[in-house]
Amino acid sequence: MDTIKGSLRERKKRHMYLAAAQAAVKLVAEHGMRAVRVEDICERADISRSTFFRYFDSKEACFIAGLHHGWIDAVLTALEARPAEEDPFTALCNAFVDITTDWSRYREVTRLEARIRTEAPAVHTLANAEQLTWERALAPALEARCTGAGDRNLTARLTAGTVLCATRLATERWLEEGAVRSPAEHYIEAFTALGTLFERG
């Protein structure tokens, strides 16, 4: 019985967390970050102010959580599906290319993030910090592929960090060119350049 109650409690917490995060994204998309208050998010998500601050430090943090929700899980799922013989760098690059099949949805949230980054310095800072969260999440999934590496965790973290940097630069170029088609071409270009750099080293 205690396990069931715990499970229900966790699902309820997750529901409130996501409700607030998704509400923040919708409100910011509609009105901009400056016009949105924590109270507005709480009203839209049907939660109390105290509940909001149980999960988030600020409206900006809530917005970033909603904006990035599901993406790291998508990358991890794609990474797990890659052939076991692929090295960590190749597997992670291919995983990022694989998730671009949902590129139209990706375009909207990426455009929104780029716009709000210029309006709110806190969002810019939090979004950059999220890259470190992604790096830490990806590293354990890459370690098993780091055969022959003296320090598997270090190799995995370096791989994740460099690939994430490449995806960021590719995404910036994709947005600059209008984001009218899948970003896969830009990802592949960035990953190829990175691979060439490794070979030269």
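So, here is what we can say about the structure in this document. (Residues numbered from 1 in each chain as written. Predicted model: local features only at pLDDT ≥ 70, side-chain atom pairs only at ≥ 80, totals over all residues. Heavy atoms only, no water.)

**Description of the packing of aromatic side chains**
For any pair of aromatic rings, geometry is given as the distance between the ring centres together with the angle between the planes.
At step 1: Using the criterion set out here, one finds 9 aromatic pairs in the structure.
At step 2: Here the aromatic rings of Trp71 and Tyr106 are separated by 5.1 Å at their centres, their planes lie at 70°, and the arrangement is edge-to-face. Here the residue Trp71 occupies a position in helix α5 (residues 71-81), and Tyr106 occupies one in helix α7 (residues 103-119), the gap between them amounting to 35 residues.
At step 3: Through a chain of ring-to-ring contacts, three or more aromatic side chains come together here, namely Tyr17, Phe52, Phe53, Tyr55 and Phe56. (Phe/Tyr/Trp six-rings, centres within 6.5 Å; stacked < 30°, edge-to-face > 60°. Helix = DSSP H or I, 4+ residues; strand = E, 2+ residues; numbered from the N terminus.)

**Considerations on the state of the cysteines**
At step 1: Taken as a whole and assessed by the stated rule, the structure comprises 0 disulfides.
At step 2: Cys42 carries a free sulfur, and the closest cysteine sulfur to it, the one in Cys62, is 8.3 Å from it.
At step 3: No disulfide involves Cys146; its nearest neighbouring cysteine sulfur is the one of Cys93, lying 13 Å away. (Disulfide = S-S within 2.5 Å.)

**A word on the side chain of Glu113**
At step 1: By secondary structure assignment, the location of Glu113 is in helix α7.
At step 2: A distance of 2.8 Å separates polar atoms of two side chains, one belonging to Glu113 and the other to His68.
At step 3: When neighbours within four sequence positions are excluded, Glu113 is seen to be in contact with Leu67, His68 and Ala127. (Polar contact = N/O pair within 3.5 Å; in protein donor to acceptor, adjacent residues only side chain to side chain. Contact = heavy atoms within 4.5 Å.)

**Description of the nonpolar core**
Generally speaking, soluble globular proteins have nonpolar side chains that are buried together.
At step 1: Of all hydrophobic cores here, the largest spans 59 residues; its most connected members are Ile41, Phe52, Phe63, Leu92, Phe96 and Ile116.
At step 2: It is helix α1 (residues 2-31) that provides the largest number of residues to this core, a total of 9 residues. (Core = buried A, V, L, I, M, F, W, Y, C linked by side-chain atoms within 4.5 Å. Buried < 20%, exposed > 50% of the residue type's maximum accessible area, 1.4 Å probe, protein only.)

**Topic: the pattern of salt bridges**
Any two side chains of opposite charge can pair, given that their charged atoms come close.
At step 1: Enumeration over the complete set of coordinates arrives at 14 salt bridges.
At step 2: For Glu39, the salt bridge goes to Arg49, with nearest N and O atoms at 2.5 Å. Taken together, the residues span a long stretch of sequence, with Glu39 in helix α2 (residues 38-45) and Arg49 in helix α3 (residues 49-55) at a distance of 10 residues.
At step 3: A salt bridge links Arg82 to Glu86; the nearest nitrogen and oxygen atoms lie 2.7 Å apart. For the pair Arg82 and Glu86, a shared accessibility class is recorded, and that class is buried.
At step 4: Each of Arg82, Glu86 and Asp98 takes part in a single network of salt bridges with overlapping partners. (Salt bridge = Lys/Arg side-chain N within 4 Å of Asp/Glu carboxyl O.)

**Some points on the packing of helix α4 (residues 59-68) against helix α8 (residues 121-143)**
In a pair of packed helices, the angle between the axes and the distance between the axes together describe the arrangement.
At step 1: Where α4 meets α8, the axes come as close as 10 Å, and the angle between the chain directions of the two elements is 50°. Relative to α8, α4 is oriented oblique. Taken as a pair, α4 and α8 cross one another with a handedness that is right-handed. Contact residues: Glu60, Ala61, Phe63, Ile64 and His68 in α4; Ala122, Val123, Leu126, Ala127, Glu130 and Trp134 in α8.
At step 2: Broken down by class, the residue content of the contact of α4 with α8 amounts to 8 nonpolar, 1 polar and 2 charged. (Axes fitted to C-alpha atoms, helices over the stretch in contact; angles between N-to-C directions. Parallel < 35°, antiparallel > 145°, perpendicular 65-115°, else oblique. Left-handed = near helix turned anticlockwise from the far one by under 90°. Nonpolar A, V, L, I, M, F, W, Y, C, P; charged D, E, K, R; others polar.)

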